Amino acid sequence: MPRVFLCYNRMIDLLPEMQRTIIRMKDVEEMEITEIAGMMSITENAVAVNLSRARKKLREMILTHQQKENMLYG
Amino acid sequence: MDNIDNILNNYFEGKALPEEENRLREYFRNNTVLPQHEVYKPMFAAFDKEKQIVSPTFIIPVEMNNQRMFSFRRLWISAASIAAIILLVVMFFPFNKNNSSAGDYLVFINGRAVKNPEKAQEYADQMFTQADEIIRTSYKPLVEANAIQTKMDASKIFDDLAHTIDHIESLNQ
């Protein structure tokens, strides 16, 4: 498996369990919010909030990672 | 491409519609990604890559299928063990503990209710001592045996009979 995928998988693994599960269900399994809420026995709003937090954290991690790479390799 | 920026913002806010998310996925799968969006491309690629990973399937050999029988046997052994433990607890656990407590203790001695077990025990010991004393002083088995033996002495009985016969014969003469 290429190094870049391992890196992003590791970033997802750093998320809290609930956010990690929801982002995998939404972005990997491509499930609907309603389906996820039903499977996890939580409200759709809770799914949306956790999904938003997970994606924002992931974006922060990506941007930080990008900045470090730019500093190291120009 | 402002539209993509908006969709990307909605995506990170968790507000993107399903069709917008599909459009984003398609956009990042193509090679026409703008330089400012390049940073997010590996993330969507990682999602796609993870989607392709098929979880491994394990085929249990036929000879390993006796696992179920083993489980059934283990279940049976567990049930038997639990039953044995319950039996031991029932046998040795003092369930009647409350019945023997001083509060519930009640015996009647000579028509009088006694609630204190120590007093009852003391009274019982006293009664046994008195009974033993009465038996020991009033019952003399050797004396009574000697009396019976004397009374039932055969030679004396025959002597008495002979004497009675002699007396009757003398009266007839």
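Each chain carries its own residue numbering, running from 1 in the written order of its sequence. Following the order in which they are written, the chains are lettered starting with A and the ligands numbered starting with 1. The model is predicted, so local features are restricted to residues of pLDDT at least 70 and side-chain atom pairs to those at 80 or more, both for listing and for counting; the totals for chains, interfaces and linings are taken over all residues.

*Asks:* When you look at the interface of chain A and chain B in this model, what are you seeing that I'm missing?
*Replies:* Interface size is commonly expressed as the accessible area that is lost once the parts come together. Working definition of a contact: two residues with C-beta atoms, positioned from the backbone, lying within 7 Å. Listed by partner, the interface residues are 17 residues for chain A and 14 residues for chain B. Those elements that place two or more of their residues in the side of chain A that touches chain B are helix 1 (3-13), helix 2 (17-28) and helix 4 (44-73) of chain A. By residue number, the principal contributor to the side of chain A that touches chain B is helix 4 of chain A, which donates 10 residues. The residue makeup of the side of chain A that touches chain B, split by class, is nine nonpolar, three polar and five charged. A run of H or I in DSSP counts as a helix once it spans at least four residues, and a run of E counts as a strand once it spans at least two, with each numbered from the N terminus. Residue polarity follows a fixed list, in which Ala, Val, Leu, Ile, Met, Phe, Trp, Tyr, Cys and Pro are nonpolar, Asp, Glu, Lys and Arg are charged, and the others, Gly among them, are polar.

*Asks:* What is the right way to read the confidence of the model for chain A from this model?
*Replies:* Across chain A, the average pLDDT comes to 85, with 91% of residues at or above 70. For every residue, the pLDDT score states the predictor's confidence, bounded by 0 at the bottom and 100 at the top. When the elements of chain A are averaged for pLDDT, helix 1 of chain A gives the smallest value, 71, and helix 3 (residues 33-40) of chain A the largest, 92.

*Asks:* Would you explain the packing of helix 2 of chain A against helix 4 of chain A in this entry?
*Replies:* When two helices pack together, you describe them by how their axes are tilted relative to each other and by the distance separating the axes. All names here are of chain A. A fitted line through C-alpha atoms represents every axis, and for helices the fit uses only the stretch in contact; the resulting angles, taken between N-to-C directions, go from 0 to 180 degrees. Across the interface, helix 2 lies against helix 4 with an axial gap of 9 Å and an inter-helix angle of 95°. As judged from the angle between their axes, helix 2 and helix 4 are roughly perpendicular. Side by side, helix 2 and helix 4 meet where M18, Q19, I22, I23 and K26 of the first sit next to V47, N50, L51, R53, A54 and R55 of the second. For the contact of helix 2 with helix 4, a count of residues per class yields six nonpolar, two polar and three charged. What sets the label is the angle itself: under 35 degrees gives roughly parallel, over 145 gives roughly antiparallel, 65 to 115 gives roughly perpendicular, and the rest give oblique.

*Asks:* Whenever I open this one, the nonpolar core confuses me. Can you help?
*Replies:* By our criterion, buried Ala, Val, Leu, Ile, Met, Phe, Trp, Tyr and Cys residues that link up through C-beta atoms within 7 Å make up a nonpolar core. Field definition: a residue is buried when 20 or more other C-beta atoms are found within 10 Å of its C-beta, exposed when 12 or fewer are, and partly exposed for counts in between, with C-beta atoms placed from the backbone. Of all hydrophobic cores here, the largest spans 20 residues; its most connected members are I22, I23 and A54 of chain A together with M43 of chain B. What I22 of chain A contacts, discounting residues up to four positions off in sequence, is I36, V47, N50, L51 and A54 of chain A.

*Asks:* How should helix 7 (residues 154-172) of chain B be read in this particular structure?
*Replies:* One turn of the α-helix equals 3.6 residues, which is why residues spaced by three or four share an orientation. Expected span of a helix: the number of residues minus one, times 1.5 Å. Compared with an ideal rise of 1.5 Å per residue, which puts 19 residues at 27 Å, helix 7 of chain B spans 27 Å between its outermost C-alpha atoms and is within 8% of the ideal. By the criterion of burial, helix 7 of chain B is predominantly exposed, with just zero of the 19 residues buried.

*Asks:* Mind showing me how you'd approach the packing of helix 3 of chain A against helix 4 of chain A here?
*Replies:* All names here are of chain A. Remark: helix 3 packs on helix 4, axes separated minimally by 8 Å, with the N-to-C direction vectors making an angle of 105°. In terms of orientation, helix 3 lies roughly perpendicular with respect to helix 4. From helix 3, I33, T34, I36 and A37 reach across to helix 4, where they touch E44, V47 and A48. Here the residues of the contact of helix 3 with helix 4 sort into five nonpolar, one polar and one charged.

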